[in-house]
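Okay, here's what each chain looks like letter by letter:
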Amino acid sequence: MAELETGKVTHPPATPVPEAWVRTELARHPQRPYPMDFIEALFTDFSEIHGDRAFGDDPAMTCGMAFFHGEPVLVIGNLKGRTLKERVTRKFGSPEPEGYRKALRAMKIAEKFGRPVFTFLDLAGAYPGIEAEERGQGEAIARNLIEMSRLRVPTIATITGEGGSGGALALAVADRVLMLENAIYSVISPEGCAAIMWKDPAKKQQAAAALKYTAVDVKRLGCVDDVISEPAGGTQADPACAMQMVDEKLQFHLAALKGQSLDEMLAARYAKFRNIAQFYTAG
């Protein structure tokens, strides 16, 4: 009442936006380069591979042979689309089972010819529709996890925006998992987490902070091997500069992997994924 009588109205201090949510918005920025933008900028002579030889060709997944600084390689990435029509066609970048099976078919071809595999990820998760479940979405993802863990060629995965759940992990069981500075990598979206934990999707910012899914957090847990810096304001602010940073990191890690014997590389890959995010309580 005193406030009303004096004409002074006080407001509670604004709750600061968690850094995790700021980075989430950058990871989801509509102008942020998508995986295909990285593929077109960093690789030459891309020749796309279509179809899973079982059901069809998933428009949300692209893969094909290309050259990386003169060396033949395989590149894989999910496709999101820029226009509404493209986004609907590509299920907003969420692959169906045939997308993962197409990617695996391409990886086995690369293995046959000794070509390194590069994957680029920006997806909230695998497509959750009933048709995808009927065609074996869970089995397709699980099969990719198994096969990528023992693929006999160097593998490098790069999370460029969102890396969501098993849909991303199905393309990220790699010798080197890289992550852009403003990307996120999580088992669930902040909206989904808030809906489950607090029954309120509006608590998405609180969920983002709790999930610990920023590049710094995930690197600390050992779930990624390297964090790639971004230009001020995010990758979308200066795509050319960002592409150069990614290119340098890819060259560095590919050279390191090629310096190992096949047995050393496979043993290191196995050990890495067996020891990710282990916690011990000090007595």
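Structure shown above.
Residues numbered from 1 in each chain as written. Predicted model: local features only at pLDDT ≥ 70, side-chain atom pairs only at ≥ 80, totals over all residues. Heavy atoms only, no water.

**Side note on the packing of helix H3 (residues 35–42) against helix H12 (residues 239–258)**
Note the cut-off: Working convention: axes come from line fits to C-alpha atoms, limited for helices to the stretch in contact. Angles between N-to-C directions cover 0 to 180 degrees. Numbering goes from the N terminus for both helices and strands, where a helix is a DSSP run of H or I of at least four residues and a strand is a run of E of at least two. Just so you know how the angles are binned, under 35 degrees is roughly parallel, over 145 roughly antiparallel, 65 to 115 roughly perpendicular, and the rest oblique. Contacts are residue-level and defined by heavy atoms, with any inter-residue pair within 4.5 Å sufficient. We call Asp, Glu, Lys and Arg charged. Ala, Val, Leu, Ile, Met, Phe, Trp, Tyr, Cys and Pro are nonpolar, and the rest, Gly among them, are polar.
In the contact formed by H3 and H12, the axes pass within 10 Å of each other and the chain directions differ by 70 degrees. In terms of axis orientation, H3 runs roughly perpendicular to H12. Across the interface between the two elements, Asp 37, Phe 38, Ala 41 and Leu 42 from H3 touch Met 243, Val 246, Asp 247 and Leu 250 from H12. Its residues placed into classes, the contact of H3 with H12 shows six nonpolar, no polar and two charged.

**Some thoughts on helix H13 (residues 262–275)**
Operational definition: Here, expected helix span is obtained from the residue count minus one, scaled by 1.5 Å. Burial classes follow relative accessibility: with a 1.4 Å probe on protein chains only, a residue under 20% of its type's maximum area counts as buried, one over 50% as exposed, and anything between as partly exposed. The directions from the helix axis to the C-beta atoms form the arc being described.
In this model, H13 (14 residues) spans 20 Å end to end at C-alpha, consistent with the 20 Å of a helix rising 1.5 Å per residue. Turning to H13, its buried residues are Met 265, Leu 266, Arg 269 and Lys 272. Down the axis of H13, the sector holding all buried residues measures 130 degrees, keeping them to one side. Facing away from the buried surface of H13 by more than 90 degrees, the exposed residues are Asp 263, Tyr 270 and Arg 274. Buried positions along H13 lie against helix H7 (137–149), strand S5 (155–164), strand S6 (176–180) and H12. Phi turns positive one or two residues past the end of H13, at Ala 277, with a value near 55 degrees.

**Concerning the environment of Arg 143**
Within the secondary structure, Arg 143 sits in helix H7. Placed 58 residues apart in sequence, Arg 143 and Lys 85 show a C-alpha to C-alpha distance of 31 Å.

**Comments concerning the nonpolar core**
The following threshold applies: Nine residue types can take part in a nonpolar core, namely buried Ala, Val, Leu, Ile, Met, Phe, Trp, Tyr and Cys, and a core is a set of them joined through side-chain atoms within 4.5 Å.
Phe 43, Leu 74, Ile 76, Met 107, Phe 118 and Leu 250 are the most contacted members of the largest nonpolar core, which totals 57 residues. Filtering out sequence-adjacent residues up to four positions away, Leu 250 remains in contact with Leu 42, Phe 43, Phe 68, Phe 118, Phe 120, Ile 156, Thr 158 and Leu 178. Among the nonpolar cores identified, the runner-up in size contains six residues, and Trp 21, Ile 184, Ala 208 and Tyr 213 belong to it.

**Examining the pattern of salt bridges**
Note the threshold: Any carboxyl oxygen of Asp or Glu within 4 Å of a side-chain nitrogen of Lys or Arg constitutes a salt bridge here.
On inspection of all chains with the given rule, the structure shows 20 salt bridges. We note a salt bridge from Arg 101 to Glu 139, for which the minimum N-O separation is 3.0 Å. Taken together, the residues Arg 101 in helix H5 (residues 97–112) and Glu 139 in helix H7 connect sequence positions 38 residues apart. Overall, Arg 101 belongs to the partly exposed group, its relative accessible area being 25%. The exposure class of Glu 139 is partly exposed, given its relative accessible area of 39%. Note that Lys 108 and Glu 111 form a salt bridge whose closest N and O atoms lie 2.9 Å from each other. A residue pair is termed a helical-turn pair when its members lie 3 or 4 positions apart in one helix, as Lys 108 and Glu 111 do in helix H5 at three residues.

**Points about the pairing of strand S2 (residues 61–68)**
Every other side chain in a regular strand lies on the same face of the sheet, so the side chains alternate between the two faces. Put simply, the rule reads: Strands pair, by our definition, only if DSSP identifies at least two bridges between them.
Most of S2 sits inside the fold, with seven of its eight residues counted as buried. In this sheet, strand S3 (residues 71–78) lies alongside S2 in antiparallel orientation, the contact comprising eight bridges. Counterpart to Met 65 in the pairing with S3 is Leu 74. Hairpin connection of S2 to S3: two residues between the antiparallel strands, including His 69 at a positive phi of 50 degrees.

**Observations concerning the pairing of S6**
Among the five residues that make up S6, five are buried, leaving the element largely enclosed by the rest of the structure. Here S6 shows no split at all, with Arg 176, Leu 178 and Leu 180 on one side and Val 177 and Met 179 on the other all buried. Here S5 pairs with S6 via four bridges, running parallel. The partner of Ala 157 across the bridge, within S6, is Val 177.

**With respect to the packing of aromatic side chains**
To keep it simple, the criterion reads: Any pair of Phe, Tyr and Trp rings, taking the six-membered ring for Trp, is counted once the centres come within 6.5 Å. Such a pair is stacked with planes under 30 degrees apart, edge-to-face with planes over 60 apart, and tilted for the rest.
Tallying each qualifying case throughout the model produces five aromatic pairs. With a centroid separation of 6.2 Å and an interplanar angle of 15 degrees, the aromatic rings of Phe 38 and Phe 120 are classed as stacked. Pair noted here: Phe 38 is in helix H3 and Phe 120 is in strand S4 (residues 117–123), with a separation of 82 residues, a long-range link. Overall, Phe 38 belongs to the buried group, its relative accessible area being 1%. Judged by centre distance (5.9 Å) and plane angle (80 degrees), the ring pair of Phe 43 and Phe 120 falls under edge-to-face. Taken together, the positions of Phe 43 in the loop between H3 and strand S1 (44–48) and Phe 120 in strand S4 put the pair 77 residues apart, joining distant regions of the chain.

**Side note on the state of the cysteines**
What makes a disulfide is a covalent bond joining the sulfur atoms belonging to two cysteines. Put simply, the test is: Two cysteine sulfur atoms make up a disulfide if the distance between them is within 2.5 Å.
All told, the structure shown has zero disulfides when counted by the stated rule. Between Cys 193, a free cysteine, and Cys 223, which holds the nearest cysteine sulfur, the sulfur-to-sulfur gap is 16 Å.

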